[in-house]
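Coordinate analysis (summary)
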Amino acid sequence: MKKIHCFAERKPLWYCVAAEIVMLVSLFLTGIIGDFITDGNRSITYYVIKEAVMMLIVTGMLFAGGLQKVLTNKGSGFWKGLLTGVFLIIVSVISLSATTFVYGKTKEVAPVSQIILYIILVTLIGITEETLSRGIIATLMLRKFGKSRDGIWKAAILSGVFFGLLHLINLTKCPAGAVGIQMIYAAFLGMLLAAIYYRTGNIRVTVFLHAFIDFAGMAGQGIWGNGSVVDAISETSPASLGIIVPVILVMLFLFRSKKLPLVNENMGNLVSSAPGEE
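Let me sum up the structure you'll find in this document. Just so we're clear, the structure is a prediction, and the values are computed from it rather than from any experiment.

Scanning the model with the defined rule gives two salt bridges in all. Glu130 is paired through a salt bridge with Arg134; the nearest N and O atoms lie 2.6 Å apart. Remark: Arg134 and Glu130 occur in helix α6 (residues 112–145); sequence separation between them is four residues, near one turn of the helix. The two residues Glu130 and Arg134 agree in class, both being buried.

Written out as structure tokens, the structure reads:
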């Protein structure tokens, strides 16, 4: 464990690459095992169990890299941190309202048990992907590039790219075109979530935002039973890329000069090492 910790300290970029590969391989293997057990009929219960397993694996990588402080760092606090992410809350509320308008008139709400499982699922996804993409990758990228203005931007952008690439796993079940769009969308969303994480220093903020985004984005499937998670991904539209310009503008706002000291204030306890050599 100590050797892994030292590797994360000395080679943060390569630790991120290794963590991403472990995640992708784990997702692929659990998918194969799941298909074997369920005969390809993946229910929401299957996805809940799968995400619980992935959460344990990612948490193990967090602790192995000596990054457990991520889980307890308060930064700016949860409620104040949510104000930093208000743009994503507004977008998600609009998305959820639109879905409710479309399906609310034509479809019956899914059974309460399914909705509960759906809430558990998006929560687990939020915990798992934020632990990896912000807790491990964004933290180590900031440690690598440093807390100068340029360093913060490089760390946020590269961590977003890692987050986009994580969605390559969906090629095993979904059309390449839809997955490509989802990867671009996820990359920019990941950059914004990294910016919010850097500004707040509180991973619970981004876990909540991530879970709420997924809850709103897949509400048609989770609340009204309109298909599966695979269907939701397969239906990803190029229109979703309309979020790119607003994301860039929000990042420019969050990383304006007078607010950059907050990154040092809220992330200083997590990024104590000087930028390292790769």
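This structure, assessed with the given rule, holds nine aromatic pairs. Here the aromatic rings of Phe78 and Phe208 are separated by 5.9 Å at their centres, their planes lie at 85°, and the arrangement is edge-to-face. With Phe78 in helix α4 (residues 78–84) and Phe208 in helix α9 (residues 203–217), this residue pair connects regions lying 130 residues apart in the sequence. Grouped by ring-pair contacts, the aromatic residues Phe78, Trp79, Phe208 and Phe212 constitute a single cluster. For the cation-ring pair, Arg134 lies above Phe163, with the distance from its terminal atom to the ring centre recorded as 4.6 Å.

On to the packing of helix α2 (residues 12–38) against helix α3 (residues 44–64), then. For the pair α2 and α3, the least separation of the axes is 10 Å and the interaxial angle reads 155°. Considering the angle they form, α2 stands roughly antiparallel to α3. At the point where α2 passes α3, the crossing takes the right-handed sense. Seen from α2, the contacting residues are Tyr15, Ala19, Val22, Met23, Ser26, Leu27, Thr30, Gly31, Gly34 and Thr38; seen from α3, they are Tyr46, Lys50, Met54, Ile57, Val58, Met61 and Ala64.

We now examine the side chain of Arg199. For Arg199, the position within the fold is in helix α8 (residues 176–200). Summary of buried charges: Arg199 has no salt-bridge partner, and the nearest side chain of opposite charge, Glu265, is 9.1 Å away. What Arg199 contacts, discounting residues up to four positions off in sequence, is Thr84, Leu254, Arg256, Lys259, Leu262, Val263 and Asn266.

Looking at where Ala98 falls in the secondary structure, it is placed in helix α5 (residues 86–103). Each C-alpha atom of the pair Ala98 and Glu235 lies 16 Å from the other, and the pair is 137 residues apart in sequence.

In helix packing, the relevant descriptors are the interaxial angle and the interaxial distance, both defined with respect to the helix axes. Where α5 contacts α9, the axes come no closer than 8 Å and their chain directions differ by 20°. Judged by the angle between their axes, α5 and α9 are roughly parallel. The handedness of the crossing between α5 and α9 comes out as left-handed. Here Leu88, Ile89, Ser92, Val93, Ser95, Leu96 and Thr99 of α5 lie close against α9, whose contacting residues are Leu209, Phe212, Ile213, Phe215, Ala216 and Gly217. For the contact of α5 with α9, the per-class residue count stands at nine nonpolar, four polar and no charged.

Glancing now at the nonpolar core. Ranked by size, the top nonpolar core spans 56 residues in total, and within it Leu132, Ile136, Tyr198, Met251 and Phe255 carry the most contacts. Going through the elements one at a time, α2, α3, α6, α7 (149–166), α8, α9, α12 (244–254) and α13 (261–267) are the ones with two or more residues in this core. When residues in this core are grouped by element, the largest group, 10 residues, is from α8. Every residue in contact with Met251, bar those within four places of it in the chain, is listed here: Trp153, Ala156, Met191, Leu192 and Ala195. By size, the runner-up hydrophobic cluster in this structure holds 20 residues, among which are Leu96, Tyr118, Phe215 and Ala219.

Conventions adopted
Residues numbered from 1 in each chain as written. Predicted model: local features only at pLDDT ≥ 70, side-chain atom pairs only at ≥ 80, totals over all residues. Heavy atoms only, no water. Salt bridge = Lys/Arg side-chain N within 4 Å of Asp/Glu carboxyl O. Helix = DSSP H or I, 4+ residues; strand = E, 2+ residues; numbered from the N terminus. Buried < 20%, exposed > 50% of the residue type's maximum accessible area, 1.4 Å probe, protein only. Phe/Tyr/Trp six-rings, centres within 6.5 Å; stacked < 30°, edge-to-face > 60°. Lys NZ or Arg CZ within 6 Å of the ring centre and 35° of its normal. Axes fitted to C-alpha atoms, helices over the stretch in contact; angles between N-to-C directions. Parallel < 35°, antiparallel > 145°, perpendicular 65-115°, else oblique. Left-handed = near helix turned anticlockwise from the far one by under 90°. Contact = heavy atoms within 4.5 Å. Lys, Arg positive; Asp, Glu negative; His and termini not counted. Nonpolar A, V, L, I, M, F, W, Y, C, P; charged D, E, K, R; others polar. Core = buried A, V, L, I, M, F, W, Y, C linked by side-chain atoms within 4.5 Å.

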